[in-house]
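An overview of the molecular structure
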Amino acid sequence: MKKTVLVSGGAGFIGSHVTVELIEAGYDVVVADNFSNCDRTGYEGVKKITGRDDLPLEIVDFCDMAQVKALFAKYPIDAVIHFAAYKAVGESVAKPVMYYKNNLMSFLNVLEAAQDKGGCNVLFSSSATVYGEPEAVPVTEKTPRQPATSPYGNTKTMCEDILRDTVKASGGAVKGILLRYFNPIGAHPSALIGELPRGVPNNLVPYITQTAIGKRECLSIFGNDYPTPDGTCLRDYIDIVDLAKAHVFAVTRMMDGKMKENCEVFNIGTGRPLSVLELVTAFEKVNNLKLNYRFAPRRAGDVTAIWADPTLANTEMGWKATRSIEETLKAAWAWEKHLAGK
Ligand code: UDP
């Protein structure tokens, strides 16, 4: 019998790509979203890509326990992948209560529902932000976490701990996997789903594509005096489809009873650092265009360099990033052009 995966925040950037990969791997998926930070583009795109016009969509506020209970009563949920959360670092500094309330409450409700049904597989979307400014790179899962520098980052650290404690207290009835994402970028090769930032993008790649299409005048490269080879920050940019596939490996590992511990952590990155300038140059080259950019002062809170050691995910889960940065940046540009109707 097909297994059912609930994807909270399933209409968002990562959630929509994960939904596609789960369906293609043969899972039944329930998309749950309250559309507080996205429109229906992602959900409609997933239906087109997969040909699943009947893809279940539940409009759910995960902060409302009654709604979460009803969801768990309606579907035979074997695993939950939890994305439903706010994600803007700057906004979290300005509105900490809103961030803690939303990101913690929604996850607590999922865990309570998982406990109430006597156990469940829970996959939490964590982030490399938990490593802060690491003392050594690349980072492994054993690299110590650093105190968070924003309420957003803190919700990731706190949710990691909450899941770990819940798994432990459940005696293994609740199982957990924490995936720590590095920098997810790109879009589905169909150009039917991708990132849809509201307002001015905070992240590098949407800012680049919006500048290239003419929506923004000029990209500011934040800092060219970092102690790196070209002076700009180093990151591990991971293709969104590769990242989405990691979720299929993780869910299958849980379902098949392959976990070595009841709560596991995996870095999801390529293992290859790229500087901001290298990324910009690669974007220009692969898409055959010139980008308007200038160097600007450093952005507060940015770490100099971080990239993953993905060995554990490679060897234990059997997952590996496969898409080249060229493919990824082509897909990001195709998506921006699709949005502009070009
Ligand atoms: N960045 C930049 N200009 C921008 C947005 C980002 O130079 O408009 C840089 C940022 O300083 C960092 C890198 O791009 O070095 C990745 O930033 P992003 O916000 O995409 O992800 P983060 O690593 O902060 O999670």
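Description of the structure in this document. It should be emphasised that the depicted structure is a prediction, and the values quoted were computed from it without experimental measurement.

A word on the side chain of Lys 156. Along the polypeptide, Lys 156 turns up in helix α6 (residues 151-169). The side chain of Lys 156 is buried and forms no salt bridge, while Glu 160, the nearest opposite charge, is found at 8.8 Å. Look past the residues within four positions of Lys 156 in its chain and what remains in contact with it is Phe 124, Ser 125, Ser 126, Ser 127, Thr 129 and Val 130.

Taken in spatial order, the seven strands line up as β3-β2-β1-β4-β5-β6-β11 in an open sheet, and their pairing is parallel. Single-partner strands in this sheet number two, and they are β3 (57-59) and β11 (263-268). Here the average twist between neighbouring strands, direction ignored, is 20°. Sheet analysis places strand β1 (residues 4-8) next to strand β2 (residues 28-33), joined by five bridges and oriented parallel.

Time to look at the state of the cysteines. This model, assessed by the stated rule, comprises zero disulfides. Free cysteine Cys 38: the closest other cysteine sulfur is in Cys 63, separated by 15 Å. Note on Cys 38: relative accessible area 14%, which makes it buried. A disulfide-free cysteine, Cys 63 has its sulfur positioned 11 Å from the sulfur of Cys 159, the nearest such atom. Judged by its relative accessible area of 26%, Cys 63 falls in the partly exposed class.

Turning next to the pattern of salt bridges. Throughout the structure, instances matching the rule amount to 17 salt bridges. Among the salt bridges present, the one from Lys 47 reaches Glu 44, with a minimum N-O distance of 3.6 Å. Note that Lys 47 and Glu 44 are positioned in helix α2 (residues 41-50) at a spacing of three residues, about one turn of the helix. Residue Lys 47 is classed as buried on the basis of its relative accessible area of 13%. One salt bridge connects Glu 264 with Arg 253, and the closest N-O pair in it is separated by 2.7 Å. With Glu 264 in strand β11 and Arg 253 in helix α8 (residues 240-255), this residue pair connects regions lying eleven residues apart in the sequence. Glu 264 gets classed as buried once you look at its relative accessible area, which sits at 7%. Given the relative accessible area of 6%, Arg 253 is considered buried. Salt bridges sharing common partners tie together Arg 145, Glu 160, Asp 161 and Arg 180.

In the vicinity of the ligand lie 15 residues, with Ser 220, Phe 222, Arg 235, Arg 299 and Asp 302 positioned nearest. In this structure, Asn 183 approaches the ligand through a side-chain N or O atom, which is 3.0 Å from an oxygen atom. Between an oxygen atom of the ligand and a side-chain N or O atom of Arg 235, the distance comes to 2.7 Å. A total of 520 Å² of accessible area belongs to the ligand in isolation, and the protein chains cover 85% of it. Counting only elements with at least two residues in the shell around the ligand, the list comes to α7 (204-213) and β8 (219-222). Among the elements that take part in the shell around the ligand, β8 stands out by supplying four residues, more than any other. Residue composition of the shell around the ligand, grouped by class: eight nonpolar, four polar and three charged.

What counts and how
- Residues numbered from 1 in each chain as written.
- Predicted model: local features only at pLDDT ≥ 70, side-chain atom pairs only at ≥ 80, totals over all residues.
- Heavy atoms only, no water.
- Helix = DSSP H or I, 4+ residues; strand = E, 2+ residues; numbered from the N terminus.
- Buried < 20%, exposed > 50% of the residue type's maximum accessible area, 1.4 Å probe, protein only.
- Lys, Arg positive; Asp, Glu negative; His and termini not counted.
- Salt bridge = Lys/Arg side-chain N within 4 Å of Asp/Glu carboxyl O.
- Contact = heavy atoms within 4.5 Å.
- Pairing = 2+ DSSP bridges.
- Axes fitted to C-alpha atoms, helices over the stretch in contact; angles between N-to-C directions.
- Disulfide = S-S within 2.5 Å.
- Near = heavy atom within 4 Å.
- Polar contact = N/O pair within 3.5 Å; in protein donor to acceptor, adjacent residues only side chain to side chain.
- Areas by Shrake-Rupley, 256 points an atom, 1.4 Å probe, with all protein chains shown as cover.
- Nonpolar A, V, L, I, M, F, W, Y, C, P; charged D, E, K, R; others polar.

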